[in-house]
Amino acid sequence: MKDLYPSRHDSVAEFLPRLDPVVHSDWHQDSPITREQAERFERDGYLMLEDMFSDNEVMFLQNEAGKLLGDPDALEAETVIAEPGSKEVRSIFRIHAQSRVIARLAADRRLAGVARFLLDDDVYIHQSRLNYKPGFQGKEFYWHSDFETWHVEDGMPRMRALSMSVLLADNTPHNGPLMLIPGSHRQYLTCVGETPQDHYRQSLKKQEYGVPDEDSLAELAHRHGIVAPTGKPGSVVIFDCNIMHGSNGNITPFPRANAFLVYNAVSNRLIAPFGVDRPRPAFIAARGEPDVITPVSGPLMEEALA
């Protein structure tokens, strides 16, 4: 397959045109989001949906997250990523396959239904993780486009994927919330530097390759500005696979926790990576025949443990 989005080949970064839609469906009266929300996602590359889950559902998810973070030895060892220079858990990957509660969350129609609409296809989970940014010691995550990495290191062919961050704690302006550059999803920024073998072992803690250069970042930020969607538990931030985003460190005493789900279109399943010889392991990027999601309705608690 021709590489439509080459990156990490040249010594100078460049902006390439986006060749894929942002919203793949035409809005209609039965769409799971409003016309205004669909237009905002098209324009800005992200969407904040508040009060998506009830207080009881939020508590149910928080209790599950607490259990998972409290007993990492019960999880697949390679999926548990610690903070740089610390034993504090930073992320737990492939969490939907290790928790029936998170699996039920990923299949919930309030999330999967929106993903199916925006991507205009059946969807599956390309990547899932529980992100935890502890108080005082939570480290930053540098600016990047997810698609650049998913394309180069995983073999995702086209921009037909999106992420959903389900807030499990208050995300405030102070405790290292997600930051995005709205509108940056409409161009593809290439990166420089050849990718080392098994780069994922380091990049999951601190990414040094597949990150944009400072001049291009400054250009994007001056052109579009920077936003940091904040909200209470139960809110959901949806963002396009190609939007530039990152987060600051957390030096407050208030931890931040999110359930992070990446939905990919079934028609966009992974092929051979476009920039490395060996793809990243399946706990980071699901390969093979996709496990297609059938959206489920109703409160989370009703079927999660059935």
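Below, the structure is looked at part by part. (Residues numbered from 1 in each chain as written. Predicted model: local features only at pLDDT ≥ 70, side-chain atom pairs only at ≥ 80, totals over all residues. Heavy atoms only, no water.)

1. Notes on unusual backbone geometry
Unlike most non-glycine residues, D51 shows phi in positive territory, near 55°. Mapped onto the elements, D51 comes out in the loop between β2 (46-49) and α2 (55-70). We note that R94 has phi near 50°; this positive angle belongs to a residue other than glycine. (Helix = DSSP H or I, 4+ residues; strand = E, 2+ residues; numbered from the N terminus.)

2. A few points about the side chain of R104
Following the sequence through the fold, R104 ends up in helix α3 (residues 100-107). Within the local environment of R104, its side chain forms a polar contact with the backbone oxygen of S297, the two atoms lying 3.5 Å apart. In this structure the side chain of R104 is engaged in a polar contact, spanning 3.5 Å, whose partner is the backbone oxygen of P299. (Polar contact = N/O pair within 3.5 Å; in protein donor to acceptor, adjacent residues only side chain to side chain.)

3. Digging into the nonpolar core
By size, the foremost hydrophobic cluster in this structure holds 47 residues, and its most contacted members are F53, L105, L111, L118, M164, I238 and Y263. Per element, the largest residue contribution to this core is seven residues, and it comes from helix α4 (residues 109-119). With 23 residues, the next largest nonpolar core counts F147, M156, I243 and V262 among its residues. (Core = buried A, V, L, I, M, F, W, Y, C linked by side-chain atoms within 4.5 Å. Buried < 20%, exposed > 50% of the residue type's maximum accessible area, 1.4 Å probe, protein only.)

4. Considerations on the side chain of R280
Its place among the elements puts R280 in the loop between β12 (256-265) and α8 (300-304). On the basis of relative accessible area, R280 is assigned to the buried category, the value being 8%. Here D154 takes part through its side chain, which lies 2.8 Å from a polar atom of the side chain of R280.

5. Remarks on the sheet that holds strand β6 (residues 141-145)
Within the open sheet, the three strands sit side by side as β6-β11-β8. Their pairing is antiparallel. Since the sheet does not close on itself, it has two edges, and those belong to β6 and β8 (178-180), each with one partner. Across this sheet, the average inter-strand angle for adjacent strands is 20°, counted without regard to direction. Across three bridges, β6 lies against strand β11 (residues 244-247) in antiparallel orientation. Among the inter-strand pairings, S145 is bridged to a residue of β11, identified as M244. Its contacts with the sheet place helix α5 (residues 146-154) against β6 and β11, and it is angled at close to 70° to β6. (Pairing = 2+ DSSP bridges. Axes fitted to C-alpha atoms, helices over the stretch in contact; angles between N-to-C directions. Contact = heavy atoms within 4.5 Å.)

6. Let's talk about the environment of L261
Mapped onto the elements, L261 comes out in strand β12. A relative accessible area of 0% places L261 in the buried class. On a C-alpha basis, the gap between L261 and D26 in space is 24 Å, while along the polypeptide they are 235 residues apart. Ignoring anything within four residues of it in the chain, the contact list for L261 reads I102, L105, A106, L111, I125, Q127, S128, L162, S163 and M164.

7. Some thoughts on the pairing of strand β5 (residues 123-133)
Counting buried residues along β5, 10 of its 11 residues qualify, which places the element largely inside the surrounding structure. In this sheet, β5 lies alongside strand β4 (residues 89-93) in antiparallel orientation, the contact comprising three bridges. Bridge assignment links I92 to a residue of β5, and that residue is L130. Pairing of β5 with β12 involves 10 bridges; the strand directions are antiparallel. Bridge pairing links N131 to N258 in β12.

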